[in-house]
Amino acid sequence: DSEKAAAATQKAVGEARTFIVQKIADAKKYSHGAADACTKELTALQKELDASATQLAAMKKDTADRKRKTQMQASSGKLEKVEAALQKLVADMATLADDKLSEISAEDAQTACEQISGAESDAQAAVSGAGKFLAARNQEAKSLAEAQRAPMMAELSKLQARLTQAQVELAKLRSEEHTSELQSP
């Protein structure tokens, strides 16, 4: 996992910095010529270490950006699943539309009711899962710096609006389903 590797590398860089600073301090105890040579070499190593730390910081930022992008794509995918589940529920409910009730047998009506019940459960599970996933992304976004947080929160807000609309649609479909159940013979 790149995050674990980055953390381990960050720790090693910190330890190396401490070591070099300590050795530069120790080098000052040597004779003038030896101290200058030793300090010069250690300073060169410190510059290399700083360059590596800069590369590490860039890699960590790129990794975090890729992770956020992937999570936002996953969030959008979860909402697409919610919307697909709602479309399936609408399609299943259409089989029991008022104008079709007189044309289907009791057995077909029972099968359709079971399909509708399953589609409703699937839609509810998709809504619940997407809500939890978005809530987790929202918490993660709060810990980001403002420059990264603002665009992520804007995108999450759009996704949350889609989820809210899906919840409203699901509630409306449930109401229609229960109303038609009460009207069925």
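Above: the structure in question.
Bear in mind the structure is a predicted one, so any value in this text is a computation, not a measurement.

What counts and how
- Residues numbered from 1 in each chain as written.
- Predicted model: local features only at pLDDT ≥ 70, side-chain atom pairs only at ≥ 80, totals over all residues.
- Heavy atoms only, no water.
- Salt bridge = Lys/Arg side-chain N within 4 Å of Asp/Glu carboxyl O.
- Helix = DSSP H or I, 4+ residues; strand = E, 2+ residues; numbered from the N terminus.
- Buried < 20%, exposed > 50% of the residue type's maximum accessible area, 1.4 Å probe, protein only.
- Contact = heavy atoms within 4.5 Å.
- Expected span 1.5 Å × (residues − 1).
- Axes fitted to C-alpha atoms, helices over the stretch in contact; angles between N-to-C directions.
- Parallel < 35°, antiparallel > 145°, perpendicular 65-115°, else oblique.
- Left-handed = near helix turned anticlockwise from the far one by under 90°.
- Nonpolar A, V, L, I, M, F, W, Y, C, P; charged D, E, K, R; others polar.
- Core = buried A, V, L, I, M, F, W, Y, C linked by side-chain atoms within 4.5 Å.
- Phe/Tyr/Trp six-rings, centres within 6.5 Å; stacked < 30°, edge-to-face > 60°.
- Lys NZ or Arg CZ within 6 Å of the ring centre and 35° of its normal.

Asks: Break down the pattern of salt bridges for me, with residues and values.
Replies: For the coordinates displayed, the defined rule picks out twelve salt bridges. The salt bridge partner of Lys-23 is Asp-26, with a shortest N-O separation of 3.6 Å. You can see Lys-23 and its partner Asp-26 sitting in helix α1 (residues 2-27), three residues apart, about one turn around the helix. Given the relative accessible area of 30%, Lys-23 is considered partly exposed. Here Glu-83 makes a salt bridge to Arg-162, at a shortest N to O gap of 2.9 Å. On the criterion of sequence distance, the pair formed by Glu-83 in helix α2 (residues 32-94) and Arg-162 in helix α5 (residues 146-183) is long-range, its members being 79 residues apart. Classification of Arg-162 by relative accessible area gives partly exposed; the value is 28%. Each member of the salt-bridge network shares a partner with another, and the members are Lys-23, Asp-26 and Lys-29.

Asks: Give a description of the side chain of Gln-71 that names residues and reports values.
Replies: Here Gln-71 lies in helix α2. Residues contacting Gln-71, with those up to four places away along its chain left out, are Phe-133, Arg-137 and Glu-140.

Asks: Could you give me a rundown of α1, with the residues and numbers involved?
Replies: For α1, with 26 residues, the first-to-last C-alpha span of 36 Å sits near the 38 Å given by 1.5 Å per residue. Residues of α1 that are buried sit in contact with α2.

Asks: Residue-level account of the packing of α2 against helix α4 (residues 106-142), with values.
Replies: Between α2 and α4, whose axes approach to 9 Å, the crossing angle comes to 160°. The angle between α2 and α4 falls in the class roughly antiparallel. Regarding α2 and α4, the two cross each other, and that crossing is left-handed. In the contact of α2 with α4, the residues fall into 15 nonpolar, four polar and eight charged.

Asks: Would you mind going over the nonpolar core in detail, with residue names and values included?
Replies: By size, the foremost hydrophobic cluster in this structure holds 26 residues, and its most contacted members are Val-82, Leu-86 and Leu-89. Counting residues per element, this core draws most heavily on α4, which supplies ten residues. Leu-89 has contacts with Ile-116, Ala-119, Glu-120, Leu-170 and Leu-173, leaving out every residue within four places of it along the chain. Counting six residues, the second-largest nonpolar core is a separate cluster that includes Val-13, Ile-20, Ile-24 and Ala-53.

Asks: I'd love a proper account of the packing of aromatic side chains, names of residues and values included.
Replies: What describes a pair of aromatic rings is the distance from one ring centre to the other and the angle between the planes of the rings. Inspection of every chain in the model, using the stated rule, returns zero aromatic pairs. When the ring centre of Phe-133 is taken as origin, the NZ or CZ atom of Lys-78, which lies over that ring, is 5.1 Å away. Residue placement shows Arg-137 over the ring face of Phe-133; its charged tip is 4.3 Å from the ring centre.

Asks: Help me get a handle on the packing of α1 against α2, residues and values and all.
Replies: For the pair α1 and α2, interaxial distance at closest approach is 10 Å and the crossing angle is 160°. When the axes of α1 and α2 are compared, the pair comes out roughly antiparallel. The crossing of α1 and α2 is left-handed. Split into classes, the residues belonging to the contact of α1 with α2 amount to 15 nonpolar, seven polar and six charged.

Asks: I'd like to hear about the side chain of Thr-63, residue by residue, with values.
Replies: Mapped onto the elements, Thr-63 comes out in helix α2. The exposure class assigned to Thr-63 is buried, which follows from its relative accessible area of 12%. Once residues within four sequence positions are removed from consideration, Thr-63 is found in contact with Ser-2 and Glu-3.

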